[in-house]
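# Structure at a glance
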Amino acid sequence: MSDGEVYDYVIVGAGSAGCVLAGRLSEDPGTRVALLEAGGEDSQPEIHIPAAFPALFKSNFDWDLLGEQEPGLGNRRLYLPRGRMLGGCSSINAMIYIRGNRADYDDWAADGWSYDEVLPYFKRSEDNERGADAFHGAGGPLRVAESRSMHPLVDTMLEAARAAGHEHNPDFNGARQEGVGRFQLTQRDGWRASTADAYLRPATGRANLHVIPRAMALRILFEGTRAVGVEVSRDGVVSELRAEREVILAAGAYQSPVLLMLSGIGPEDQLAPFAIEIRERLPVGENLQDHCMCQLNYLTDEQSLFMATTPENFELLESEGRGPLTSNIPEAAGFFRTRPGLDAPDVQFHFAPSLFFDEGLTAPSDHGYCFGPVVIHPTSRGRVMLRAPLPDSKPRVLCNFLTTDEDRASMLAGIRMALEIAAQGPLRAVERAPFSVPESDSNQDLWAFIERASQSVYHATSTCAIGSVVDPELRVYGFEGLRVVDASVMPRITRGNTNAPVIMIAERAADLLAAGSGATAAAGVA
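All figures in this text were calculated on a predicted structure; none of them were measured in a lab.

### Quick look at the overall build of the chain
For the chain, the helix and strand inventory stands at 13 helices and 25 strands. In terms of C-alpha radius of gyration, the chain reaches 22 Å, essentially the compact-globule figure of 24 Å for 526 residues. Expressed as a percentage of the 526 residues in the chain, the buried residues total 64%. Restricting the contact set of the chain to residue pairs at least 6 apart, pairs at least 24 apart contribute 71%. Carbon and sulfur atoms provide 49% of the accessible area of the chain, an area that totals close to 18600 Å². Distance between charge centroids for the chain: 2 Å, based on 47 positive and 71 negative side chains.

Below you can see the structure in the form of structure tokens.
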């Protein structure tokens, strides 16, 4: 084996977490870092144009998973996109910068992960154009900016929400989360700012960092209970990359559990049928959590994002970094408690100056707008399962949306809140006709609509959770030199879009790795 195949750290996945880790760990010139990515470079123009991200769905830049039949959604199978390129999901997402609620982290009840303990890592990552304060940082790698689109239809929707009694909130990541207002976005000068842009690109000139695209990790290599490398396929050629310190899985909430299971770490009911030798029985792939969304869509005669791809708008983006093409589509939000007794919001709204239906797989053919509830504190639990013992076989994913009374109550109340907002004067004044809404406000019609219109918001988490699969330092129980650093380690999903929390997790993990805490994680220790 050549010297170029031996590293201190081998990171699997150049997504939201992997790019952060690669950038931070390679700051030490004496540390050799390999970053593997199954996809290719993030060179496609649609990756960088904010409003163009739906064009990436089902392309070569998308893992393009199809979920299992969902019992809570009339046995529909859901589209589950994941970024397959440098930057991962941060190169294909809606660029929304939301940390979640203070209660999310405090409820994890994990050493080192309370809100007060993780806030410095959020701030360290941030280059917020509002400047630094008690909640925000400036000068970090990740640009966090106001929308450069500021679409008037979004202002109308927010006006209607305020007319329905919801207070304005200028900063969902500040002292309080509830209310309605505009998102801040991971954009710089109107363009997408992925983790590849923010963390990886500034580090690519370092001699100690090797970024290896189009490299599919096949399995983790072990010597006894120590992870010592990764078997990789590159252009059909299988080789080994050795890790003298640690192997780090940052492949996301679907692929990290798959790689663990293929390597013999997981539940017996997943490994035994494929004759995979069991190294450690851990609940890998279980506890899957995601956010379920149901959007109301209306037609309007007002100008929306439909037909925004004009030469004039491209020129506006290129020359001034503003205009409709800088829109992330869901430009604004609301966070609400749907019933008494809740200590934090259970529903989030996205407000978009565009039609968004059919899981985003059908392009709009008319002017419109949409908004609706997302269940952000779900009690339903799903699972990621092996489909076959082949590394490139897409996993079976059951989100199990809306299968508990609590989740169903939140979604039903959220739909009623959306209908109330839609009925306010500001939106009545611009509505031409309903496009995709319930037939009536009866429970029967509301549920019929929820079952046919609900979808994932692509926020999969918790399949290698702290306390069950990894310890609070993200080390896989029972092994040395093996960690997971991505959304899968969240014990419980955060209340809101998950990209910012994943970046925070990777920032903290970089410190844990630099501290050299590489002892074996005792199996089964919570």
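Additional details are given in the paragraphs that follow.
### A closer look at the side chain of Asp104
In this structure, Asp104 sits in helix H3 (residues 102-108). When neighbours within four sequence positions are excluded, Asp104 is seen to be in contact with Ile493, Thr494 and Arg495.

### A look at the pairing of strand S3 (residues 65-70)
Relative to strand S4 (residues 76-80), S3 is paired through four bridges, and the arrangement is antiparallel. Of the residues in S4, the one forming a bridge with Leu65 is Leu80. Two successive antiparallel strands, S3 and S4, enclose a turn made up of five residues, where Gly74 displays a positive phi of approximately 65°.

### As for the environment of Ala217
On the secondary structure map, Ala217 appears in strand S12 (residues 215-223). A residue is classified by how much of its surface remains accessible, and Ala217, at 11% relative accessible area, is buried. Distance in space between the C-alpha atoms of Ala217 and Pro391 is 7.4 Å, their sequence separation being 174 residues. In contact with Ala217, other than residues within four places in its own chain, are Val12, Val230, Glu231, Val232, Leu259 and Pro391.

### Focus: the nonpolar core
Note that soluble globular proteins tend to have their nonpolar side chains buried in a common cluster. By size, the foremost hydrophobic cluster in this structure holds 134 residues, and its most contacted members are Leu260, Phe371 and Leu482. Not counting residues within four places of it along the chain, the set of residues in contact with Phe371 comprises Met157, Cys294, Gln295, Leu296, Tyr298, Phe349, His350, Phe351, Ala418, Ile421, Ala422 and Leu427. Of all hydrophobic cores here, the second largest spans 27 residues; its members include Phe61, Cys370, Ile376 and Val457.

### Observations concerning the packing of helix H10 (residues 405-422) against helix H12 (residues 443-453)
For the pair H10 and H12, the least separation of the axes is 11 Å and the interaxial angle reads 100°. When the axis of H10 is compared with that of H12, the two are roughly perpendicular. Together, Arg408, Met411, Leu412, Ile415, Arg416 and Leu419 of H10 and Asn443, Leu446, Trp447, Phe449 and Ile450 of H12 make up the contact between the two elements. For the contact of H10 with H12, the per-class residue count stands at eight nonpolar, one polar and two charged.

### A closer look at the packing of helix H1 (residues 16-25) against helix H13 (residues 499-514)
Where H1 meets H13, the axes come as close as 8 Å, and the angle between the chain directions of the two elements is 35°. Note that H1 runs across H13; the crossing there is right-handed. From H1, Ser16, Ala17, Val20, Leu21, Arg24 and Leu25 reach across to H13, where they touch Asn499, Val502, Ile503, Ala506, Glu507, Ala509, Ala510 and Leu513. When grouped by side-chain class, the residues that make up the contact of H1 with H13 number ten nonpolar, two polar and two charged.

### Brief notes about H10
Because an α-helix completes one turn every 3.6 residues, residues spaced three or four positions apart along the sequence face the same direction. Taking 1.5 Å of rise per residue, 18 residues should cover 26 Å, and H10 covers 26 Å from first to last C-alpha, within 8% of that figure. Turning to H10, its buried residues number three or more, namely Asp407, Ser410, Met411, Leu412, Gly414, Ile415, Met417, Ala418, Ile421 and Ala422.

### Structural notes on the sheet that holds strand S5 (residues 126-128)
Read across the open sheet, the three strands follow the order S5-S6-S8; overall the sheet is mixed. Edge positions in the sheet fall to S5 and strand S8 (184-185), since each has one partner strand and no second. Direction of pairing for S5 relative to strand S6 (residues 142-146): parallel, over a ladder of three bridges. Bridge pairing in S6 places Glu126 opposite Leu142. Relative to S5, helix H4 (residues 115-125) is tilted by about 60°, and along the sheet it contacts S5 and S6.

### So, the confidence of the model for the chain
Within the chain, residue pLDDT values average 96, and 97% of them lie at 70 or more. With pLDDT under 50 throughout, residues 522-526 is counted as low confidence; its partners more than four residues away or in other chains account for ten contacts.

### With respect to empty space enclosed by the protein
Evaluation of the coordinates by the stated rule reveals three cavities of 30 Å³ or more. Computed from the structure, the second largest cavity encloses a volume of approximately 50 Å³. Considering the residues around the second largest cavity, the lining is formed by Tyr97, Ile98, Arg130, Pro170, Asp171, Phe172, Asn173, Arg182, Phe183 and Gln184. Classifying every residue of the lining of the second largest cavity by side-chain character gives five nonpolar, two polar and three charged.

### Regarding the sheet that holds strand S15 (residues 286-288)
Through backbone hydrogen bonds, the strands of a sheet pair up, either in parallel or in antiparallel fashion. Taken in spatial order, the three strands of this open sheet run S15-S21-S22, and their pairing is antiparallel. Looking at which strands have only one partner, the edges of the open sheet turn out to be S15 and strand S22 (396-398). Adjacent strand axes in the sheet meet at a mean angle of 30°, parallel and antiparallel pairs treated alike. Sheet topology note: the S15/strand S21 (residues 382-385) ladder contains two bridges and is antiparallel.

### Points about the side chain of Glu126
Within the secondary structure layout, Glu126 lies in strand S5. Among the polar contacts listed, one links the side chain of Glu126 to the side chain of Asn128, at a separation of 2.6 Å. Setting aside chain neighbours within four positions, we find Glu126 in contact with Tyr97, Arg99, Phe135, His136, Gly137, Ala138, Gly139, Gly140, Leu142 and Val144.

### Some details on the packing of aromatic side chains
Per the stated rule, a full pass over the model turns up 15 aromatic pairs. Judged by centre distance (5.5 Å) and plane angle (65°), the ring pair of Phe57 and Tyr79 falls under edge-to-face. Here Phe57 is found in the loop between helix H2 (45-48) and S3, whereas its partner Tyr79 is found in strand S4, with 22 residues between them in sequence. On the basis of relative accessible area, Tyr79 is assigned to the buried category, the value being 2%. Through a chain of ring-to-ring contacts, three or more aromatic side chains come together here, namely Tyr298, Phe336, Phe349, Phe351, Tyr369 and Phe371. One Lys or Arg, Arg408, reaches over the ring of Trp447 and ends 4.0 Å from the middle of that ring.

What counts and how
Within every chain, residues take consecutive numbers counted from 1 along the sequence as written. Per-residue local features of the predicted model are confined to residues with pLDDT of at least 70, and side-chain atom pairs are confined, for both listing and counting, to 80 or more; whole-chain, interface and lining totals are unaffected and use all residues. Neither water nor hydrogens contribute to the side-chain values; these are computed over all heavy atoms in the structure. Helix and strand definitions here come from DSSP, where helices need a minimum of 4 consecutive H or I residues and strands a minimum of 2 consecutive E residues; each element is numbered from the N-terminal end. Here the globule rule is a power law, 2.2 Å times the number of residues to the power 0.38, and the radius of gyration is based on C-alpha atoms. Throughout, exposure labels follow a simple rule: accessible area from a 1.4 Å probe, protein chains only, divided by the maximum for the residue type, with under 20% read as buried, over 50% as exposed, and the rest as partly exposed. Contact between two residues is taken to exist if any of their heavy atoms lie within 4.5 Å; hydrogens are not considered. Shrake-Rupley sampling with a 1.4 Å probe provides the accessible areas, and residues are treated as covered by the protein chains on show and by no other component. We count Lys and Arg on the positive side and Asp and Glu on the negative side, and we leave His and both chain ends out. The location of each charge is read from NZ of Lys, CZ of Arg, CG of Asp or CD of Glu. The pairing criterion is simple: DSSP has to find at least two bridges between the two strands. Remark: nonpolar core denotes a set of buried residues (Ala, Val, Leu, Ile, Met, Phe, Trp, Tyr, Cys) joined through side-chain atoms within 4.5 Å. Whenever a helix is involved, its axis is fitted only over the stretch in contact; in every case the axis is a line through C-alpha atoms, and angles between N-to-C directions fall within 0 to 180 degrees. Should an angle fall under 35 degrees it is called roughly parallel, over 145 degrees roughly antiparallel, and 65 to 115 degrees roughly perpendicular, with every other angle called oblique. By the convention adopted, Pro, Cys, Tyr, Trp, Phe, Met, Ile, Leu, Val and Ala count as nonpolar, Lys, Arg, Asp and Glu as charged, and the other residues, Gly among them, as polar. Put simply, a crossing is left-handed when the front helix is turned counterclockwise from the back one by less than a right angle, and right-handed when it is turned clockwise. Helices are assigned an expected span. That span is 1.5 Å times one less than the residue count. Residue-level confidence of the predictor, termed pLDDT, takes values from 0 up to 100. Cavities and pockets are found on a 1 Å grid laid over the protein atoms alone: a cavity is a set of points where a 1.4 Å probe fits but cannot escape, a pocket is an open set with protein on both sides within 12 Å along at least five of seven lines, and a lining residue has an atom within 4 Å of such a point. Grid points are joined across faces, edges and corners, and a volume is the space filled by probe spheres set on the points. By the criterion applied in these results, polar contacts are pairs of N or O atoms within 3.5 Å in which, for protein atoms, one can donate a hydrogen and the other can accept it, and in which residues neighboring in sequence qualify only through two side-chain atoms. To pair, rings of Phe, Tyr and Trp, with the six-membered ring standing in for Trp, must have centres within 6.5 Å; the planes then decide the type, stacked if under 30 degrees apart, edge-to-face if over 60, and tilted in the middle. Placement of a charge over a ring requires the Lys NZ or Arg CZ to be within 6 Å of the ring centre, with the centre-to-atom vector within 35 degrees of the ring normal.

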